[in-house]
Amino acid sequence: MDYHATTPVDQRVVDAMMPYFTAHFGNAASKQHSYGWTAEAAVEHARQTIARTINADANEIIFTSGATESNNLALKGVAENFRSRGNHIITVQTEHRSVLDVCRNLEERGFEVTCLPVDGNGLVNVDDIRRAMTAGTILVSVMMANNEIGTIAPIAEIGKLCAEHGIIFHTDATQAVGKISVDVQAMNIHLMSFSAHKVYGPKGIGALYVRSKNPYVKLLPQIDGGGHERGMRSGTLNVPAIVGFGKAVQLAAENLENESARISRLRNMLEHRFMNIEETRINGHPAMRLHNNLNVTFSNVPADDLMMALRNDVALSSGSACTSADPEAGKVSHVLKAIGLDDEHARCSVRFGLGRFTTEEEVRFVAERVTKAVEEIRRKSPARLIAERELA
Ligand SMILES: *Cc1c(COP(=O)(O)O)cnc(C)c1O
């Protein structure tokens, strides 16, 4: 139940990758022999597949180590390259830490960042973005789908607005690629980050889409040396991972409709079961939400207690895995706070993430176990006790 954090690698992806560890182990940058040519051909095939899926050209795909690196390259790369034109960046409070932390870093280096609020469903108001734009705005960064509450942003509208104002538009589409259809042309996207391990590919490989015309987006590279990836990201390419990334994206695109129908049916089943529990609230947009996401607040049931009670049976999360990697980050989700939950309700929220290998039987099991655990925790620790714990 934690597919937003990562996904298992599809066996078909593993099979596609295997030969590139052994028989075809060449360096894709070796131009003098067939080992290199074979590796390069495989990389270019993956690049083509990924580009076609998002309606981009192959030369607009830059391979990175993942979406965190892609977000760093996009934001720092634009900021440093366009500094003479302006120093203002617009983003949103519910972004992933790998965008918000980069923005904080840029603020320390003299950039000005406007971090817009969202409404109770997690949607940013496009007019707020318009009003925040100044003559010095060089970049707007808004995620396509939220990793905690699944809310899907009006990306095409924001893209159009940015195009009208000649401002570069970046989107973190890590949770969206492979789950909803993404078209960088129709959506007027200039830069887009995504990652293989959220779509049944391997960890440690991702991409940044960088628009090459209308307009050509120039970035300052963050990793120099060797000039790989059109100079934008040097370093020997991880050929097996890239092959796996290509295969994963191909499979996701081929099965997008069937898979989203199946998974949303399961998600709705789970949601329906939870709504039968008293004092339950679903977080995120009722309609504009990822089909595999279910973020629930069970009042008076601290998420830590619920996860502890279920630890041997159900893998759950109280928010972003990337936030929980940092013990200093504080326990309350910045996303849930941004949609208006108080600390107490945010602490009583858990995220369910369904996926390709989730079965109906598992969903029934989870519904059963969660319902029981919620009732038990509430019985043992009524609201009064939680209020006292807060005061202590
Ligand atoms: C997982 C995730 C990331 C980080 O991706 P990595 O490839 O693990 O670095 C960034 N943004 C969003 C929205 C994510 O869900």
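For the structure itself, look to the data block above.
For every chain, the first residue of the written sequence is number 1, and numbering continues from 1 onward in sequence order. Predicted model: local features are reported for residues with pLDDT of at least 70 only, side-chain atom pairs are reported and counted for 80 or more only, and whole-chain, interface and lining totals are derived from all residues. Side-chain descriptors were evaluated using all non-hydrogen atoms of the structure, hydrogens and water having been removed beforehand.

In this section: the environment of Leu310. Numbering of helices and strands runs from the N terminus; a helix is a DSSP stretch of H or I covering at least four residues, while a strand is a stretch of E covering at least two. Within the secondary structure layout, Leu310 lies in the loop between α9 (303-309) and α10 (321-324). The spatial distance from the C-alpha of Leu310 to the C-alpha of Ile223 is 43 Å, given a sequence separation of 87 residues. Contact definition: two residues touch when any of their heavy atoms are within 4.5 Å. Once residues within four sequence positions are removed from consideration, Leu310 is found in contact with Leu316, Arg369, Val370 and Ala373.

Glancing now at helix α3 (residues 67-81). The periodicity of an α-helix, 3.6 residues per turn, causes residues three or four positions apart to be oriented the same way. The length a helix should cover is 1.5 Å for every residue beyond the first. With 15 residues, α3 extends 20 Å between its outermost C-alpha atoms, agreeing within 8% with the 21 Å of an ideal straight helix rising 1.5 Å per residue. Exposed residues in this analysis have more than 50% of their type's maximum accessible area, buried residues have under 20%, and partly exposed residues fall in between, with area computed by a 1.4 Å probe over protein chains only. With 12 of its 15 residues buried, α3 lies for the most part within the structure. Of the positions making up α3, those classed as buried are Ala67, Glu69, Ser70, Asn71, Asn72, Leu73, Ala74, Leu75, Lys76, Gly77, Val78 and Ala79.

With that settled, consider the sheet that holds strand β9 (residues 293-298). Whether two strands pair depends on DSSP finding at least two bridges between them. One open sheet accounts for three strands, arranged β8-β9-β10; its pairing is antiparallel. The open sheet terminates on both sides in strands that have one partner only, identified here as β8 (280-283) and β10 (349-353). Neighbour-to-neighbour, the strand axes of this sheet turn through a mean angle of 30 degrees, independent of strand direction. Direction of pairing for β8 relative to β9: antiparallel, over a ladder of four bridges. Bridge assignment links Ile282 to a residue of β9, and that residue is Val296. Each axis is a line fitted through C-alpha atoms, taken for helices only over the stretch in contact, and angles between the N-to-C directions span 0 to 180 degrees.

Any carboxyl oxygen of Asp or Glu that lies within 4 Å of a side-chain nitrogen of Lys or Arg is treated as forming a salt bridge with it. Counting across every chain of the model gives 22 salt bridges. Note that Glu69 is salt-bridged to Arg233, the shortest N-O span being 2.7 Å. Residue Glu69 is found in helix α3, and its partner Arg233 is found in the loop between β7 (206-210) and α7 (239-254); the two are separated by 164 residues along the sequence. The exposure classification of Glu69 matches that of Arg233, with both residues buried. Residue Arg289 pairs with Glu271 through a salt bridge whose shortest N-O separation is 3.1 Å.

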